[in-house]
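Remarks on the overall topology
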Amino acid sequence: MQFGYFDNENREYVITNPKTPAPWANYLGSPEYGALISNNAGGYSFAKSGANGRILRYVFNNFDQPGRYIYIRDNDSKDYWSASWQPVGKSLDTYKSECHHGISYTKIMADYSDIHTEALYYVPLNKTYEVWNLKVTNNGSEKRNLTLTGYAEFTNNSNYEQDQVNLQYSLFISRTSFVENRIRQTVHGNLDVLGAGETVDDKRPTDRIFGLAGADVSSYCGDKEVFIGRCNGYGNPDGVVNGDLGNALSYNENSCGALSTVVELMPGETKNIAFILGLKENDEAEAIMNSYTDPADVCEKELAELKTYWGEKFSHFQVQTPSKEFDSMINTWHAYNCFMTFIWSRAASFIYCGLRNGYGYRDTVQDIQGIIHLAPEMAADKIRFMLSAQVANGGGLPLVKFTHNAGHEDTPDDASYVKETGHPAYRADDALWLFPTIYKYVTETGNLAFMDEVIPYANKDEGTVYDHLKRAIDFSMKHLGRHGMPAGLYADWNDCLRLGKDGESSFVALQFYYAMTILRKFAEYKNDSEYISYLDKSQKDLWNVIQNLCWNEDRFIRGFTEKGEVIGKRTDPEANMWLNPQSWAVISGFASKAQAEAAMENVYTQLNTAFGAVLMDPPYHAHAFDGALAVIYNQGVKENAGIFSQSQGWLILAEALLGHGNRAFEYYMENSPAAQNDKAEVRKLEPYCYGQFTEGKASPHFGRSHVHWLTGTASTVMVGSVEGILGMRPDFYGLRIAPSIPAEWDGFTVEKDFRGKHLHIEVKNPGHAESGFKCMEINGQTIFNNYVKDEWLMSNGDNIITLYMS
Ligand code: GLC
C-alpha cells in the first residue's frame, strides 16, 4: 500500500493519505535550533540541545502528540478542523490532505468545507526560531467568517527529563503573560532580579515566545488546561470549540501558547499569517515579530533561501540511472538523511528523545563518510573535531560530550569519565573508523596536506593527523588478545557482543588489517620507509592469525571470547553465520578470491531475505554465550538476527568490489526505503529515510522497520552506492570509475564536482555487463583504462568523461 510519492523535481515527498502507518517525520533547522515535524504536525523543537533546550513538548510512545497545531473554526456553523489532518481528524471523505515534506521544510495542505489551507513550517536559514506560515483561501462562493488558532505546547522546563518526570518541581516554575501580539512564557520568572551572569542553583529566567504576525490577536491563552479543558483532547480543545480563548494566563502548572485571530474571507480571497515560536528574550522577540508584518513576502523569500542552500549542497553529486528509486534517494532524500545523521548524531528523533548528549565515537566518524562527496569541508571540520576526541594513547573517547574541550578531557581511564558518561571502557573499534573516513576525505579532495595538520588529543599532547593515525595503530597493538588480534575491550561495532576485555573480534581484526593498508598508502606518500617496514611486518603477522584462526571452511567466524570460546562456527546451534565478518573480509582486502566468493555466496543463501540480509542466524535463544547480549531482544530483532540496515551498506560495497553488480543492486533494493514505497504498511517507516533495522525472518512482523532517520545506515549505504555501485573510487591522484551495476542497465550519468572541477560522467553499457570496462574518453581523448588522472581535468568548464563498460 502506498501513502505518497516522490516529487523529484521539487525534492519533496508528498503524502496523499495522512493515515500513515507511523508518524512520518521531517527535520527542520540546524544545530542551533532543531525541530522535528510529522505529516500530522506532531513533533517538538529545541534550542541547541534536545536534552537541555527543549521548547515544545512531545510525549514519546503516544502516537505523535502534541504538535504544531493550527485550528480553523467556521464561526457561523461552529464546525472546526485542523490544518493538518490530526488532531481534529475529520472524516477523510470530506477532508483532503496533502503533506509535502521538503528539504528542511514541511508544507501541509488541506481542503475542507471550501476552505483551502497551506501550513508551511520551517526554521529560517541561520535563525534560531521557527515559523508556521498559514495561507488560508476561501474557495467557496459565500463570504466566510473564520477563527484561526495556533497552539504550541511549551515544556515547563528546558530540561526534557525535568519536564517529564519531576512534576513536584516543574509545575511551579512557569508563568505566561501576553505582550502585544504574543504569549511570553517565563520559566523561573521569580529570578528576574538576578544580575548578569548570576544564577541560583544554576538557574536563571528563560523566556519563550509564541507570536502571531500578519493579523491581530482576537484572544489568547497561556494555560494548557484552560485551552484544552479538563476532559477534552487536542482534537476538541475548549478554546477552539468555544471560538474564544478567554485570555487566560498561567501561573504554575502547564503553560502553553495559544493565539486566535478572526478573519473574514470573501470568495476567492486569501489571508496569510505567521506564528513564530522560539526561545527568545522579550526585546529580541519584538524585533523578530516586527520583521514578519508582511508574512507572505518574507516567508516566500525565506523558503527560497532554504531551497538554494540545500540545492547547492546536493548539486555536488547528482545521478541519473534507470532506477527512479535509486535516484530519488541518492540525489535528495538519502543525501538529506546523511546530513541529518551527520548533524544530529543519535540525539533527537521520534525514537531518540534527546537525552544522548554527545557523539558516539564510532557512529560519528562513520556518519562523516555519508557527506564527503557533497560537503567535504563540513566533513573535514568534523574529522578535526573527532581527532581532537582521540585520547593520546590512540583510543577514541566512547562518548564525546557536546561540550567537548580538547586537551582537557578525562578518559575511560578516569573514574570521573566513567561516572559522567556511563561508558566504562574503551572500545576496540572506535579509532579504527578514522582510517576509511580520513582516506575518503583526502582522496575526494586531494588535500594531502591535511595529513600534516596538527590537532590536539582529547586529554593531552597534540600531533599531526598522520601521527593520530599512527597512535590509533599503537592503541590496537597495545591491546592485543591472546591470539594476537585486537582485544574485544568493551564491545566492537556490535554493541551486543561482549567478548570480554581480552576476547577478540574478527570484525575488528579485519578493520585493523584494512587500517594498516590505508596507513601504508600515507606512509608511502611520506616516504616513511621505517614505518612501512613496521606496518608490513605487523600486517603479515595479523594476516597469518586471521587466516589460520578465523576462516572456518566456508565462512569467517565472529571471534573468540576471553575464555577462548569460538563464536560463529559453522557447527554452532545458534549464530553460526555472521554477516559483517564476511563483507569486511572483502572490504578490507583480506579475503582471497575463493574465500570472498564462498563467504558471500553463503551470505546470500543463509542470511539474505526479501528485506535484506539478517545480521546473523539462527538467533540467540538457548545457546547464547555470556557476552551475547543480543539475546535480550526478541528473535529477528536488532542485533538478534534482525536485518541491521547499516550492515546492508557494507554488503552492497563488498559485492560491488567483487564486481557483482547484479547482487549489489539486489541487496540495495531489498532494503531501500524508496523501493518499498508501495509496501509502506509492511515497512511502516518513512519511505524516504533509512531506519536502524528491519525485523528479520524470525519475527512475526518480518519486514517492519524501526528507529528512523538517525542511523549509521545512511552513511554506509551511501558509500555502498556511490563508491560501490556507481564506482566512484578516488585515490590520491585521481578518480577510478569502476561501476558495479545491474547488467540490465544501459548505463547512467553522474554530475560530480571533484577537486574544484566539474565532471559530467556518462557510463555506457551496451553489452550489458555487471562490472568492468573497455575504454574511456576524457574530453575527447580515448584511453584503455578507467582511471581519470587529476592533471587531465580542465578547471574551467565541464569535463566530459564517457566510460564504456562493454
Ligand atoms: C547502534 C549504535 C552503533 C552500533 C550499532 C550496532 O546503531 O548506535 O554504535 O554500532 O547499533 O550494535
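The text that follows walks through the structure, step by step, so that each part is easy to find. (Residues numbered from 1 in each chain as written. Predicted model: local features only at pLDDT ≥ 70, side-chain atom pairs only at ≥ 80, totals over all residues. Heavy atoms only, no water.)

Residues in contact with the ligand, as listed here, are R362, D363, W493, N494, D495, E639, F644 and Q692. The separation between an oxygen atom of the ligand and a polar side-chain atom of R362 is 2.8 Å. Note that an oxygen atom of the ligand is positioned 2.9 Å from one of the backbone N or O atoms of D495. Isolated, the ligand exposes 310 Å² of accessible area, and the fraction of that covered by the protein chains is 94%. The pocket occupied by the ligand, as judged from atoms lying within 2 Å of grid points, is the largest pocket. Of the residues belonging to the shell around the ligand, the class tally is two nonpolar, two polar and four charged. (Near = heavy atom within 4 Å. Polar contact = N/O pair within 3.5 Å; in protein donor to acceptor, adjacent residues only side chain to side chain. Areas by Shrake-Rupley, 256 points an atom, 1.4 Å probe, with all protein chains shown as cover. 1 Å grid on protein atoms, 1.4 Å probe; cavity = no way out; pocket = protein on both sides within 12 Å on 5 of 7 lines; lining within 4 Å. Sits in = over half its atoms within 2 Å of the grid points. Nonpolar A, V, L, I, M, F, W, Y, C, P; charged D, E, K, R; others polar.)

Before going further, it helps to spend a moment on the packing of helix 11 (residues 434–445) against helix 12 (residues 465–478). As a packed pair, helix 11 and helix 12 sit with axes 11 Å apart at the nearest point and diverge in direction by 155°. When the axis of helix 11 is compared with that of helix 12, the two are roughly antiparallel. In the crossing of helix 11 with helix 12, the sense of the turn from one axis to the other is left-handed. Of the residues in helix 12, those touching helix 11 at L434, F435 and I438 are V465, L469, A472 and I473. Split into classes, the residues belonging to the contact of helix 11 with helix 12 amount to seven nonpolar, no polar and no charged. (Axes fitted to C-alpha atoms, helices over the stretch in contact; angles between N-to-C directions. Helix = DSSP H or I, 4+ residues; strand = E, 2+ residues; numbered from the N terminus. Parallel < 35°, antiparallel > 145°, perpendicular 65-115°, else oblique. Left-handed = near helix turned anticlockwise from the far one by under 90°. Contact = heavy atoms within 4.5 Å.)

Below, the discussion takes up the sheet that holds strand 7 (residues 80–82). Ordered by their spatial adjacency, five strands build an open sheet running 7-6-12-17-16, and the pairing between neighbours is antiparallel. The two strands at the open ends of the sheet, each matched to only one other strand, are strand 7 and strand 16 (219–223). Between one strand axis and the next, the sheet turns by 20° as a mean value, whatever way the strands run. Sheet analysis places strand 16 next to strand 17 (residues 255–265), joined by four bridges and oriented antiparallel. Paired with Y220 across the bridge in strand 17 is L259. (Pairing = 2+ DSSP bridges.)

Counting residues in each nonpolar core, the largest one holds 222 residues, and the members touching the most others are F227, I438, F522, Y668, W709, M728 and I737. At 13 residues, the largest contribution of residues to this core is made by helix 13 (residues 506–525). What F227 contacts, discounting residues up to four positions off in sequence, is Y71, T149, Y151, C221, P237, D238, G239, V240, L245, C256 and A258. One finds Y122, Y129, I276 and C299 within the second-largest nonpolar core, a separate group that totals 16 residues. (Core = buried A, V, L, I, M, F, W, Y, C linked by side-chain atoms within 4.5 Å. Buried < 20%, exposed > 50% of the residue type's maximum accessible area, 1.4 Å probe, protein only.)

This paragraph deals with the layout of surface pockets. Its volume calculated, the largest pocket comes out at about 930 Å³. Lining the largest pocket are 41 residues; nearest its centre among them are R346, R356, D363, R427 and D495. When contributions to the lining of the largest pocket are tallied by element, the ones reaching two or more residues are helix 8 (361–368), strand 21 (399–401) and helix 10 (415–421). The biggest single contributor to the lining of the largest pocket is helix 8, with four residues. By residue class, the composition of the lining of the largest pocket is 16 nonpolar, 13 polar and twelve charged. (Points joined across faces, edges and corners; volume = space filled by probe spheres on them.)

Here the structure, examined in full by the defined rule, presents 69 aromatic pairs. Aromatic side chains W132 and F210 sit 5.1 Å apart centroid to centroid with 55° between the ring planes, which places their arrangement in the tilted category. Within this pair, whereas W132 is found in strand 11 (residues 129–138), its partner F210 is found in strand 15 (residues 206–213), the two being separated by 78 residues in sequence. A relative accessible area of 0% means that F210 is categorised as buried. The cationic tip of K470 hangs over the ring face of Y531; the distance from NZ or CZ to the ring centre is 4.4 Å. (Phe/Tyr/Trp six-rings, centres within 6.5 Å; stacked < 30°, edge-to-face > 60°. Lys NZ or Arg CZ within 6 Å of the ring centre and 35° of its normal.)

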